[in-house]
Amino acid sequence: MILLCGGIPFLWKLSGQISGRAGFGPEYEIVQSLVFLLLATLFSAVTGLPWSLYNTFVIEEKHGFNQQTLGFFFKDAMKKFVVTQCILLPVTSLLLYIIKIGGDYFFIYAWLFTLVVSLVLVTIYADYIAPLFDKFIPLPEGELKQQIETMAKSIDFPLTKVYVVEGSKRSSHSNAYFYGFFKNKRIVLFDTLLEDYSALNKEPAEGEDGENEETKSKTKNKKQGCKNEEVLAVLGHELGHWKLGHTVKNIIISQMNSFLCFFLFAVLIGQKELFAAFGFYDTQPTLIGLMIIFQFIFSPYNEVLSFCLTVLSRRFEFQADAFAKELGKAKDLYSALIKLNKDNLGFPVSDWIFSMWHYSHPPLLERLQALKDAKQE
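Computed from a predicted structure; not experimentally measured.

**Digging into the side chain of Thr310**
Within the secondary structure, Thr310 sits in helix α11 (residues 299-326). The class of Thr310 is buried, set by a relative accessible area of 9%. Within the local environment of Thr310, its side chain forms a polar contact with the backbone oxygen of Ser306, the two atoms lying 2.8 Å apart. Sequence-distant contacts of Thr310, that is, excluding residues within four places in its chain, are made with Met356, Trp357, His358, Tyr359 and Ser360.

Structure (structure tokens):
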């Protein structure tokens, strides 16, 4: 409907009028582009709100996952929008400036710039951005922490810190991940993954106030999460991704694709027919060119690429499971996968064609079958 009704040219014209009233004429294309981007993301946030509300307070609520109140939801949404704009607008303005002054080889400079930005964001996300939304606390001293440190040391994983994130105030879904470059790796465990730490397994304390009162976590006292041995097996899988170089391989593939896209953008940006097809007959704004080429022209290519990455991801998952098996964690990973599937209400049976196209992780039964022999041993 946006394309058929000329929504993109209309929004560009409106952004020009707004920037014009602020004293910036048509020659200030970057300013107009930023206004356009702000309006477009605001429109997207507003139109996506009903679906997000339905997903959280109807579907997730129906199946017992939602832990948010309506007030917490809107506060969280506003915070996400503001943080996104604080990152998106400066990065976009610099990218457009580089494209404008880059000459014939602007695509190389633009690619290098996006590479640096992505690496910086990956580096600072867990330390400075994620804590704006969730509380991170160091994993308390004890048996689990000692076991994690011992396992990390056994495979030369340069672990520096282990955190627990209070994901239970938002959802009862569970997860774990690691981040960091070079010799500064950190592991993050969701409290919903840990049987001993999950707030969902505890009675709320009397007289709770502050943030707990605000979120009014809908604790159901449903026993969930994994035992220490199972948590170690899950981490053995995650560390397998690091040991086998999956993270580095994904970064290399992503950057190769990014460079190819910028190169093709440089080839296509001069085609006035592309702009005319989307309602831009007199002007060819760089931001609009990026949107047309990356979002629409590359759409068939992106579908094929997405399928190839899904196939690769599934291969990586099997390899990471095999790595955990080599660590002697097959039996615990087997039981952990069943528990996590149960906690997250995953359906164990999948149509092979649908799962091949959509599932970045192999279906549960396929993973269990790969672990079965080792488990029996």
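Next comes the rest of the account.
**Some remarks on the UniProt feature "binding site: Zn(2+)" (unreviewed entry) in the protein chain**
In the UniProt entry, the feature "binding site: Zn(2+)" (unreviewed entry) is given for His237, His241 and Glu317. Across 81 residues in sequence, these annotated residues keep their C-alpha atoms within 8.1 Å of one another, forming a single compact spot. Lining residues of the largest pocket drawn from the annotated list: His241 and Glu317. As for its position among the elements, His241 is in helix α7 (residues 228-243). Since its relative accessible area comes to 11%, His241 is described here as buried. Apart from the residues within four sequence positions on either side, His241 is in contact with His246, Thr247, Phe316, Glu317 and Ala320. For His241, the side chain forms a polar contact with the side chain of His237, separated by 3.2 Å. As for its placement among the helices and strands, Glu317 is situated in helix α11. What makes Glu317 buried here is its relative accessible area of 5%. Apart from the residues within four sequence positions on either side, Glu317 is in contact with His237, His241, Ser360, His361, Pro362 and Arg367.

**Section: the packing of aromatic side chains**
Applying the stated criterion across every chain, the model contains 21 aromatic pairs. Seen in terms of ring centroids, Phe278 and Phe296 are 5.2 Å apart; in terms of plane orientation they differ by 35°. Their pairing is tilted. You can see Phe278 sitting in the loop between α9 (272-277) and α10 (286-297) and its partner Phe296 sitting in helix α10, a full 18 residues away along the chain.

**So, the sheet that holds strand β1 (residues 136-138)**
Strand order in the open sheet formed by four strands is β1-β2-β4-β3, with mixed pairing between adjacent strands. Of all strands in the sheet, those with a lone pairing partner are β1 and β3 (176-179), marking the two edges. In this sheet, adjacent strand axes meet at a mean angle of 30° when their direction is disregarded. Relative to strand β2 (residues 159-165), β1 runs antiparallel, the two being bridged by three bridges. The residue bridging Ile137 from the neighbouring strand is Val164, located in β2. Packed on one face of the sheet, α7 meets β3 and β4 (185-190) and runs near 140° to β4.

**Section: the layout of surface pockets**
The space that makes up the largest pocket amounts to roughly 910 Å³. Along the wall of the largest pocket there are 29 residues; nearest its centre are Phe178, His246, Thr247, Val248 and Ile251. Contributing elements (two or more residues each) for the lining of the largest pocket: α4 (106-129), β3, α7, α8 (246-268) and α11. Ranked by residues supplied to the lining of the largest pocket, first place goes to α8 with eight residues. In this structure, the second largest pocket encloses a volume near 690 Å³. If you trace the second largest pocket, you find 23 residues lining it, with Leu337, Leu340, Asn341, His361 and Arg367 closest to the centre.

**Details of the environment of Val122**
On the secondary structure map, Val122 appears in helix α4. Taking the relative accessible area as the measure of exposure, Val122 reaches 45% and is therefore partly exposed. For the pair Val122 and Phe294, spaced 172 residues apart in sequence, the C-alpha separation works out to 22 Å.

**Considerations on the pattern of salt bridges**
As a working rule, side chains carrying opposite charge can pair if their charged atoms are close by. In total, this model carries seven salt bridges according to the counting rule given. For Glu141, the salt bridge is made with Lys145, and the minimal N-O distance between the two is 2.9 Å. For Lys145, a relative accessible area of 15% puts it in the buried group. Among the salt bridges present, the one from Glu366 reaches Arg314, with a minimum N-O distance of 3.8 Å. Of the two residues, Glu366 is situated in helix α14 (residues 364-376) and Arg314 in helix α11; the sequence distance between them amounts to 52 residues. For Glu366, a relative accessible area of 36% gives the class partly exposed.

**What about the confidence of the model for the protein chain?**
Mean pLDDT over the protein chain: 87, with 91% of residues reaching 70 or higher. Note on residues 213-217: pLDDT under 50 across the span, and 13 contacts to partners over four residues away in sequence or across chains.

**Concerning α8**
With 23 residues, α8 extends 33 Å between its outermost C-alpha atoms, agreeing within 8% with the 33 Å of an ideal straight helix rising 1.5 Å per residue. Among the residues making up α8, those that are buried are His246, Gln255, Asn257, Ser258, Cys261, Phe262 and Phe265. For α8, the secondary structure elements touched by its buried residues are α3 (70-101), α4, α7, α10 and α11.

**Overview of the nonpolar core**
The biggest cluster of nonpolar side chains holds 29 residues, and the ones touching the most others in it are Phe36, Leu95, Ile99, Phe280 and Ile288. Looking at this core, the elements with two or more residues in it are α1 (7-21), α3, α4, α8, α9 and α10. Of the residues forming this core, the biggest block, seven residues, is contributed by α4. With sequence-adjacent residues up to four places away left out, Phe280 is seen in contact with Ile8, Pro9, Trp12, Phe275, Pro285 and Ile288. Listed in part, the 25 residues of the second largest apolar core include Val164, Ala176, Leu194 and Ala336.

How each quantity is defined
Residues numbered from 1 in each chain as written. Predicted model: local features only at pLDDT ≥ 70, side-chain atom pairs only at ≥ 80, totals over all residues. Heavy atoms only, no water. Helix = DSSP H or I, 4+ residues; strand = E, 2+ residues; numbered from the N terminus. Buried < 20%, exposed > 50% of the residue type's maximum accessible area, 1.4 Å probe, protein only. Polar contact = N/O pair within 3.5 Å; in protein donor to acceptor, adjacent residues only side chain to side chain. Contact = heavy atoms within 4.5 Å. UniProt positions renumbered as here; feature names shortened; annotations may be inferred. 1 Å grid on protein atoms, 1.4 Å probe; cavity = no way out; pocket = protein on both sides within 12 Å on 5 of 7 lines; lining within 4 Å. Phe/Tyr/Trp six-rings, centres within 6.5 Å; stacked < 30°, edge-to-face > 60°. Pairing = 2+ DSSP bridges. Axes fitted to C-alpha atoms, helices over the stretch in contact; angles between N-to-C directions. Points joined across faces, edges and corners; volume = space filled by probe spheres on them. Salt bridge = Lys/Arg side-chain N within 4 Å of Asp/Glu carboxyl O. pLDDT = per-residue confidence, 0-100. Expected span 1.5 Å × (residues − 1). Core = buried A, V, L, I, M, F, W, Y, C linked by side-chain atoms within 4.5 Å.

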